[in-house]
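Next come the chains, spelled out residue by residue.
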Amino acid sequence: MPLLEVKNLSKTFTSKKGEIVAVDNVSFSADKGEIFGLLGPNGAGKTTTIRLIATVLKPTGGTVMVDGHDILADSEAVRKNIGVLTTDIGLYDRFTARENLRYFGELYGMSGQKLEERIDELIEVLEMTDFADRKAGKFSTGMKQKVAIARSIIHDPKVIIFDEPTAGLDVLASQTVVRFMQKAKAMGKLVILSTHEMYDAEKLCDRIGIIHRGRLRVIDTVSHLESSTGTDNLEDAFLKIVHGQTGSAVVRQRSLKEKKPRIFSSRGLVIGGKTFAWWRLAILFAAAVILIVQFLVKK
Amino acid sequence: MKEILTVWKKEIKDTLRDRRTLYTAVIMPIVLMPVIMIGSFKLQESQIKSLEQQTAIVAVANESAAPSLVAFLKSQEKISISEIKSDFENKLNSGEIQAYITTPDDFESLLTAGQPATVRVYQKSTEQKSSNAAQKVQTALAVYNQTLSVQKLSSAGLDPQALQSIVVESKDIATEQEKGGYFLGMLLPMFIVLFSIMGGMYAAIDVSAGEKERKTLEALLITPLSRFRIVTGKFMAVATTAITSVVLSITSMYAAFKIWPPDFGISFVFDLSLSTVVLMLVLGIILSIMFAGFLLAVAIFAKSFKEAQNYITPFYLLAILPVSIFSSIPGFKPPLWMFLIPSVNAVFLFKESLMGQTVWSHIILTVATTIIGAIIAIVAATKIFSKESVLFRD
């Protein structure tokens, strides 16, 4: 059985204005010692797919098996076996890099000498020695990204999922990340790389799945993708496959945001499209309380 | 349980490194509570004293018409007659004089004729000093009236006692402790409720909306911990800071009262009995737990620290307004059903306890409703925390 098996995975977000299919019947499998690329434009459904695998979101259809564990039946075991670098990397600002790592290590059930050794190892591998004991609040994007990577693999998972790991990084920092992925592959890990960077995908991935508008269009090796589309680079192959439909994907994503109905906005209470400001409500409430109190006191 | 404690430990450590939480949960209750309580009492104390000791500056409109009256007023210790002879109303408005008197032109002849003479005392009641001065003048005039009446009666050969049919004496059965408790009850209960909310407020925002703002939430959700364990750990951390804040505020206030007891010069005793302090601590702790749950449930909806503050403000008003209104109504006797309203019932119970009039049914009702409120709050927070739409609100 392959290490990761995605079976007819679907996710539909429902809102009052309708349904948005973010992930539509996606199936693929990948095994250890492989770097599998998920390539697609922004809003294609890559991050949602990853969140489903990571059990952060619940699928509306299909399932995923991670090392034999079902995400629906045994989500805790799944989470123990995967390490996920999310798109949004955030650290606890008031903690040092080391303290950030220690907290997550403890959350994964590690402790004591073993945990400290693992932290030291990661600090060395990801070249974080200079800032390991400084508070994370003032870190640069590159420094943060390194800590976030170390955090996601602190428990030495079998499956490593990286969502846009080189976004916003300079050449040196992305070099470290790229080298780390290659090393993980060599150690027999399965690396899932989600990206829209053609260069990274071309250089790193053994196989690539092109995802567009929630659907997995094709899965193949880079060379096959190029030859089957009659192009000589991944970018052209990618454009041919998605037929230049990137624009519609962005629109879809935007409509998804707009369709979320809100009752409590930061300005006030939204009832029937009208906003009642908090301060007005507070005054009304105060007046009501005073009236009630006066009534009671008179009694 | 171990994982819950890991989350709790981390949040406490994080909170301790956050200046905002440290100020609102630790420094403020320690400093503010005694300062406000003792300060407001000292202020009242000094005001009462200074008003009593102040000399009233009074003008007499027609001084030459009533030399005997003026002479009597001049002989009064706390009254001084002003030199001002005209434009009384403006001078009263500007505060140059605190009251003025008009007498009829034929004042002396009316007196000798044995007819009543009307003396008008003018004051500006919105000025504390003026109404106080007027009161002193009126008291003096009453004494003067009495003296004249006695003279009249004795010159007519009658016993002055003949005019007195009854003698009124008023007695206060309120004990000194009750009087002191009554004063304390206006301020103290409100502050305990206030600190049980304020103490946990920043921590609640920091562990929920703050986690979203720093974009650490998703990484946390990917760890093997169940949502229930995460939220329990966070809830415990918020409750811990709120409890710390309440306990600190009560103990520091208790200490302050022991070190600098306020002295009104009258028979008030500000005696916080140990049983009252224990009741405050116990109820303060349950209140903190309840508010911790509610604050967490509200704050998790927000995407950022600022937004969370916007959400919490109406919640805060909702909780504090009734509390502050009820605690400032003097002598309000709540009907039994009002002990079913959480946090308002705590105020009533604190007041009762301060005056030494606790009723067991009230204690049971208050503690029970607060515990039920706490349970509802915790369940709500957990439920909200496992909603996808709340956690990933873009």
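Residues numbered from 1 in each chain as written. Chains lettered and ligands numbered in written order. Predicted model: local features only at pLDDT ≥ 70, side-chain atom pairs only at ≥ 80, totals over all residues.

> Which residues make up the overall build of chain A, and what are the values?
Each helix and strand counted, chain A has eleven helices and twelve strands in total. Based on the C-alpha atoms only, the size of chain A along its principal axes is roughly 85 × 50 × 40 Å. Within chain A, buried positions represent 40% of all 299 residues. (Helix = DSSP H or I, 4+ residues; strand = E, 2+ residues; numbered from the N terminus. Buried ≥ 20, exposed ≤ 12 C-beta atoms within 10 Å, placed from the backbone.)

> Which residues make up the sheet that holds strand S6 (residues 82-85) of chain A, and what values do they have?
All names here are of chain A. Strand order in this open sheet of six strands is S6-S7-S8-S3-S9-S10, and the pairing throughout is mixed. Looking at strand neighbours, the two that pair on one side only are S6 and strand S10 (215-220), the edges of this open sheet. Taken over all neighbouring pairs, the strand axes of this sheet differ in orientation by 15° on average, direction set aside. Examined bridge by bridge, strand S3 (residues 34-39) and strand S8 (residues 190-195) share six bridges and lie parallel to one another. The residue of S8 that forms the bridge with Leu39 is Thr195. (Pairing = 2+ DSSP bridges. Axes fitted to C-alpha atoms, helices over the stretch in contact; angles between N-to-C directions.)

> Could you give me a rundown of the packing of helix H11 (residues 274-299) of chain B against helix H14 (residues 360-385) of chain B, with the residues and numbers involved?
Residue and element names in this part refer to chain B. Where H11 meets H14, the axes come as close as 8 Å, and the angle between the chain directions of the two elements is 25°. Relative to H14, the element H11 lies roughly parallel. Judged by the sense of rotation from one axis to the other, the crossing of H11 with H14 is left-handed. The segment H11 lies against H14, with Leu283, Ile286, Leu287, Ile289, Met290, Gly293, Phe294, Leu296 and Ala297 engaging Thr366, Val367, Thr370, Ile371, Gly373, Ala374, Ala377, Ile378, Ala380, Ala381 and Ile384. Partitioned by chemical class, the residues of the contact of H11 with H14 number 16 nonpolar, four polar and no charged. (Parallel < 35°, antiparallel > 145°, perpendicular 65-115°, else oblique. Left-handed = near helix turned anticlockwise from the far one by under 90°. Contact = placed C-beta atoms within 7 Å. Nonpolar A, V, L, I, M, F, W, Y, C, P; charged D, E, K, R; others polar.)

> Lay out the interface of chain A and chain B in plain terms, naming residues and giving numbers.
Taken residue by residue, the interface counts 34 residues in chain A and 31 residues in chain B. When residues of the side of chain A that touches chain B are traced back to their parent elements, those giving at least two are helix H2 (75-81), helix H3 (97-107) and helix H11 (278-298) of chain A. The leading source of residues in the side of chain A that touches chain B is H11(A), at nine residues. Residue composition of the side of chain A that touches chain B, by class: 22 nonpolar, three polar and nine charged.

> Report on the pairing of S3(A), specifying residues and quantitative values.
Both faces of the sheet carry side chains from a regular strand, because those side chains alternate between them. Residue and element names in this part refer to chain A. With five of six residues buried, S3 lies mostly within the body of the structure. Alignment of S3 against strand S9 (residues 207-212), held across four bridges, turns out to be parallel. In the sheet register, Leu39 faces S9, and the bridge partner there is Ile210.

> Which residues make up the sheet that holds strand S5 (residues 69-70) of chain A, and what values do they have?
Residue and element names in this part refer to chain A. With respect to topology, four strands assemble into an open sheet ordered S2-S1-S4-S5, the strand pairing being antiparallel. In this open sheet, the two strands that pair with only one neighbour each are strand S2 (18-30) and S5. Pairing of strand S4 (residues 61-66) with S5 involves two bridges; the strand directions are antiparallel. If you follow Val66 over to S5, its bridge partner there is His69. The sheet strands contacting helix H1 (residues 46-53) are strand S1 (4-15), S2 and S4, and the helix crosses S2 at an angle near 70°.

> Hey, could you go over the domain arrangement of chain A for me, with residue numbers and the actual values?
Structurally, chain A comprises domain 1 (4-261) and domain 2 (262-299). The gap between the C-alpha centroids of domain 1 of chain A and domain 2 of chain A is 46 Å. (Domains from an automatic or database assignment.)

> Please give an account of the domain arrangement of chain B that cites residues and values.
You can read the domains of chain B as domain 1 (2-44 + 175-391) and domain 2 (55-158). Using C-alpha coordinates to define each centre, domain 1 of chain B is positioned 55 Å away from domain 2 of chain B.

> Which residues make up helix H7 (residues 176-207) of chain B, and what are the values?
Residues and elements named next belong to chain B. The end-to-end C-alpha distance of H7 is 47 Å, a good match for the 46 Å that 32 residues give at a rise of 1.5 Å each. A bend of about 45° at Gly185 is the largest found in H7, and the proline Pro189 appears one to four places after it. Counting buried residues in H7 gives 24 out of 32 residues, a clear majority hidden from the surface. (Expected span 1.5 Å × (residues − 1). Bend = angle between axes of the 7 residues up to and from the residue.)

> How would you sum up the nonpolar core? Please name residues and give values.
Formed by 153 residues in total, the largest nonpolar core has its most connected members in Ile161(A), Ala204(B), Val238(B), Ala292(B), Leu295(B), Leu296(B) and Ala299(B). Looking at this core element by element, the count peaks at 16 residues for H7(B). Apart from the residues lying within four places of it in its own chain, the contact partners of Leu296(B) are Ala204(B), Ser208(B), Lys234(B), Phe235(B), Val238(B) and Ala381(B). Phe88(B), Ile101(B), Phe107(B) and Ala133(B) belong to the second largest nonpolar core, which has 20 residues in total. (Core = buried A, V, L, I, M, F, W, Y, C linked by C-beta atoms within 7 Å.)

> Quick rundown of the pairing of S10(A)? Include the residues and the values.
Residues and elements named next belong to chain A. The sheet contact formed by S9 and S10 spans five bridges and is antiparallel. Bridging across to S10, Ile210 finds its partner in Val218. Hairpin connection between S9 and S10: a loop of two residues separates the two successive antiparallel strands, and Arg213 in this loop has a positive phi of roughly 50°.

> I'd like a description of helix H8 (residues 222-229) of chain A, backed by residues and values.
Residue and element names in this part refer to chain A. Buried residues of H8: Val222, Leu225 and Glu226, and no others. Mapping the buried residues of H8 onto a view down its axis gives an arc of 95°, with all of them on the same face. Elements that come into contact with the buried residues of H8 comprise helix H7 (198-204), S9, S10 and helix H9 (234-242). (Arc of directions from axis to C-beta.)

> Tell me about the environment of Thr103(B), residues and numbers included.
All names here are of chain B. Here Thr103 shows up in the loop between strand S3 (99-102) and helix H5 (107-112). Considered as a pair, Thr103 and Ala255 are 152 residues apart in the sequence and their alpha carbons are 56 Å apart. If near-sequence neighbours (up to four positions away) are discounted, Thr103 is found in contact with Asn62, Ala65, Ala66, Leu69, Ala117 and Val119.

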